[in-house]
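# What the coordinates show
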Amino acid sequence: MVDHESFAQAAQRIYYEWDKALSDDDVAGLLALYAPDAVLESPAVPLTMGTESGVVHGHNELRPVLEQVAARKPPLRTYYRTGYLTDGARTMIFEYPRQTPTGEQMDFVEVMEIADGLIQRHCVYWGWRGVQVIRDDAYHK
């Protein structure tokens, strides 16, 4: 976190840095955006880790998930977005829409709770196109 960084500055920084790190498969860069005790909830957790739960806690559990996501992203996992919304105090929401100017991508809504310049809680909600990827077992191919 930058000293005296406002929530608005932190949200903007995380919005761009998180997407860049994910698109570059930069696991260290992704982890640096999360609080040490952050919680991630995502269908990608059981898909890539073979667990029943989609919830991980802290960097030690988060790192292997991010490593697997980076290594096994299906071709439909692209990075078109058009902006984000915040409540101005703690929560940022953004969408990877199914339809993009160049075709389809996996559709997600990302909800991040941010405090002290870091992601504290991150929930990922998958749309119908993303669910098709699960059904087609594309993360294992």
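This text follows the structure it describes.
Residues numbered from 1 in each chain as written. Predicted model: local features only at pLDDT ≥ 70, side-chain atom pairs only at ≥ 80, totals over all residues. Heavy atoms only, no water.

## Quick notes on the pairing of strand β8 (residues 118–126)
- In terms of strand pairing, strand β1 (residues 34–41) meets β8 through 4 bridges, oriented parallel. Bridge pairing links E41 to C123 in β8.
- Where strand β7 (residues 108–115) and β8 come together, 8 bridges link them in antiparallel fashion. For V109, the partnering residue across the bridge sits in β8 and is Y125.
- Turn length for the β7-β8 hairpin, with the two strands adjacent in sequence and antiparallel, is 2 residues, and the turn residue D116 shows positive phi of about 55°. (Pairing = 2+ DSSP bridges. Helix = DSSP H or I, 4+ residues; strand = E, 2+ residues; numbered from the N terminus.)

## Looking at the side chain of D19
- Of note, D19 is situated in helix α1 (residues 7–23).
- Classification of D19 by relative accessible area gives buried; the value is 12%.
- In this structure the side chain of D19 is engaged in a polar contact, spanning 2.5 Å, whose partner is the side chain of Y96.
- Residues in contact with D19, not counting those within four places in the same chain, are I14, Y79, R81 and Y96. (Buried < 20%, exposed > 50% of the residue type's maximum accessible area, 1.4 Å probe, protein only. Polar contact = N/O pair within 3.5 Å; in protein donor to acceptor, adjacent residues only side chain to side chain. Contact = heavy atoms within 4.5 Å.)

## Notes on α1
- Compared with the 24 Å implied by 1.5 Å per residue over 17 residues, the 24 Å span of α1 between its first and last C-alpha is a close match.
- Within the span of α1, buried status applies to F7, A10, A11, R13, I14, Y15, W18, D19, A21 and L22.
- Within two residues after α1, D25 carries a phi angle of roughly 55°, on the positive side. (Expected span 1.5 Å × (residues − 1).)

## A short note on the nonpolar core
- Ranked by size, the top nonpolar core spans 36 residues in total, and within it I14, W18, M92, M112 and I114 carry the most contacts.
- Sorting the residues of this core by element identifies α1, α2 (27–31), β1, α3 (44–49), α4 (58–72), β4 (91–96), β7 and β8 as the ones contributing at least two each.
- Residue contributions to this core peak at 8 residues, all from α1.
- Residues in contact with I14, not counting those within four places in the same chain, are D19, L33, M92, M112, I114, G117, L118 and I119. (Core = buried A, V, L, I, M, F, W, Y, C linked by side-chain atoms within 4.5 Å.)

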